[in-house]
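Read off the chains here:
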Amino acid sequence: MSTVESSSSAVQQPPSSTLPLLGDSVMQASTSSASSSSSSASSQGGGGQGGNNVVGVPLDTQSSGEPPSKKQLLDGASSSSGGGGSGGGGASSLSSAAAAAGTHEKLAYRISTALCCAVCLDLPKTAMYQCQMGHLMCAACFTHLLADGRLRDQIATCPNCRVEISKSTASRNLAVEKAASELPSECQFCNKEFPYKSLERHEQHECQERPTKCKYHRIGCQWRGPFHETTEHERNCLHPQKSGHEVMFALEAHDVMIKEEKKMFNTLIDLLSYEKIIFNDLQMKPYRTDEYVHKLFYETARFSAFNQQWVVKARINNSQRDPHQSNDRTITYQLILKTKTSTPMSIHFFALKGPFSDMKVSTQIYQHYFTETSTESDYYVLPLPDGIGGTGSSECNRMLANKGINFRLLMFLLNK
């Protein structure tokens, strides 16, 4: 009996505080997070009076004496973390939006890098060509490579894989052109990003930071600033208050330009009244001399005009020794009389775009007095419109990239 009594008494006695209870390890690990809420929980629990609760036992199980379940032990931690999560939802959404924006920018940058021209490393503004291996070249660089090959008397090659390139072997890549037009590109004035296809219109007409002249620049105002400051400047500009004598110098420079344009217009009108007018649609083809292989010349076949035989001859950069080493390129041409004449002839002539030509050329009239001893005119600049001083390197490269230069030559003979 003594043995049985001792065993029963051992069963009935309460557990020692030194023995670990179920869930103590979990509760002790989260002591720091649960300590702040223990006071409020003890005031709301059924057995929370006097602070005599057993450590590590949840309040809802102290009265029943049953061990807490795993769900009950985790409810407190989940509720506390849930409360904090609701407060930090805005920060997490902002961080996710920032991460998405960063990923988008990185993707756009990688795509724009992959679509860049292999020569100038820039996105194409117009056409994009590719070699047989798929390497990309913008239209300007493509024609520049073909022009260099023409000047060197060599076959033009791709700068990446050295495969032969020409207008017949290279092809347009329309997918790259469309993709590049949709990529964001930064405005050079306001540093904001716009789709590449609308960037040019924005920079020329919409950007508030684009450089603009004062409307009084014709009378000498040299101010140049951002567009949004134009109104303020013009309101305070001093040039409208200047006297006529003070602005006369600027007006004289402007009048010189107007007089040159008017002179050419009047000359053209006078030439159209001549009795003998003729035009020929010609093609200049390249050739080289034995003197130096890099000196490239162009010449037409013989053609008839005013009962005489003529040719047109052209050269690059005024017969520079190595024209392929210069980025600035010009074409000059001359008119040559191939037959003998006993009667001097005063010939006015100029080149125009022909009906089967895509050449872009401005109007510039030249004149030479042909005699028996003077059968060649001077070399005159072919005025290409996209450059400074009437010379355009990009248009010159485009013409050199072709197999021949097609144009129309107008000639006027003055009868004396």
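Up top is the structure.
Bear in mind the structure is a predicted one, so any value in this text is a computation, not a measurement.

What counts, and at which threshold
- Residues numbered from 1 in each chain as written.
- Predicted model: local features only at pLDDT ≥ 70, side-chain atom pairs only at ≥ 80, totals over all residues.
- Heavy atoms only, no water.
- Buried < 20%, exposed > 50% of the residue type's maximum accessible area, 1.4 Å probe, protein only.
- Helix = DSSP H or I, 4+ residues; strand = E, 2+ residues; numbered from the N terminus.
- Pairing = 2+ DSSP bridges.
- Contact = heavy atoms within 4.5 Å.
- Axes fitted to C-alpha atoms, helices over the stretch in contact; angles between N-to-C directions.
- Phe/Tyr/Trp six-rings, centres within 6.5 Å; stacked < 30°, edge-to-face > 60°.
- Lys NZ or Arg CZ within 6 Å of the ring centre and 35° of its normal.
- Arc of directions from axis to C-beta.

Participant: Any chance you could explain the pairing of strand β11 (residues 308-316) here in plain terms?
Facilitator: The side chains of a regular strand alternate, residue by residue, between the two faces of the sheet. Of all nine residues in β11, eight are buried; the element is thus mostly enclosed. The sheet contact formed by strand β9 (residues 296-299) and β11 spans three bridges and is antiparallel. Bridge pairing in β11 places phenylalanine 297 opposite arginine 315. Looking at chain direction, strand β10 (residues 303-305) and β11 are connected through three bridges and run antiparallel. Bridge pairing links serine 304 to glutamine 309 in β11. Between β10 and β11, which pair antiparallel one after the other, the connecting turn spans two residues, and phenylalanine 306 there sits at a positive phi close to 60°. In terms of strand pairing, β11 meets strand β12 (residues 331-337) through seven bridges, oriented antiparallel. Each bridged residue has a counterpart across the sheet, and for valine 311 the counterpart in β12 is isoleucine 336.

Participant: Where do I start with the sheet that holds strand β3 (residues 171-172) in this structure?
Facilitator: Pairing between the strands of a sheet is mediated by backbone hydrogen bonds and can be parallel or antiparallel. With respect to topology, three strands assemble into an open sheet ordered β2-β1-β3, the strand pairing being antiparallel. Each of the sheet's edge strands pairs with one partner strand only, and the pair in question is β2 (136-138) and β3. Here strand β1 (residues 128-130) pairs with β3 via two bridges, running antiparallel. Bridged to tyrosine 129 within β3 is arginine 172. Contacts from helix α7 (residues 139-152) reach β1 and β2 within the one sheet, and its direction differs from that of β2 by about 95°.

Participant: How do you make sense of the packing of aromatic side chains when you look at a structure like this?
Facilitator: Where two aromatic rings form a pair, the distance of their centres and the angle of their planes describe that pair. Taken as a whole and judged by the stated rule, the model has nine aromatic pairs. Judged by centre distance (6.2 Å) and plane angle (80°), the ring pair of tyrosine 333 and phenylalanine 349 falls under edge-to-face. Remark: phenylalanine 349 occurs in strand β13 (residues 345-352) and tyrosine 333 occurs in strand β12; sequence separation between them is 16 residues. A single burial state applies to tyrosine 333 and to phenylalanine 349, both of which are buried. Put simply, the rings of Tyr333, Phe349, Tyr366 and Tyr380 pair up and form one aromatic cluster. Taking the ring centre of phenylalanine 227 as reference, the NZ or CZ of arginine 210 above it sits at 4.0 Å. Just above the ring of phenylalanine 297 sits the side chain of lysine 313; from NZ or CZ to the centre is 5.2 Å.

Participant: Would you take a moment to explain helix α8 (residues 174-182) for this structure?
Facilitator: Among all positions of α8, only Val176, Glu177, Ala180 and Ser181 are buried. Take α8 and look down its axis: the buried residues cluster within an arc of 135°, on one side only. In α8, the exposed positions angled more than 90 degrees off the buried face are occupied by Ala175 and Lys178. Tucked inside the fold, the buried residues of α8 contact β1, β2, β3, β5 (193-195) and α9 (196-206).

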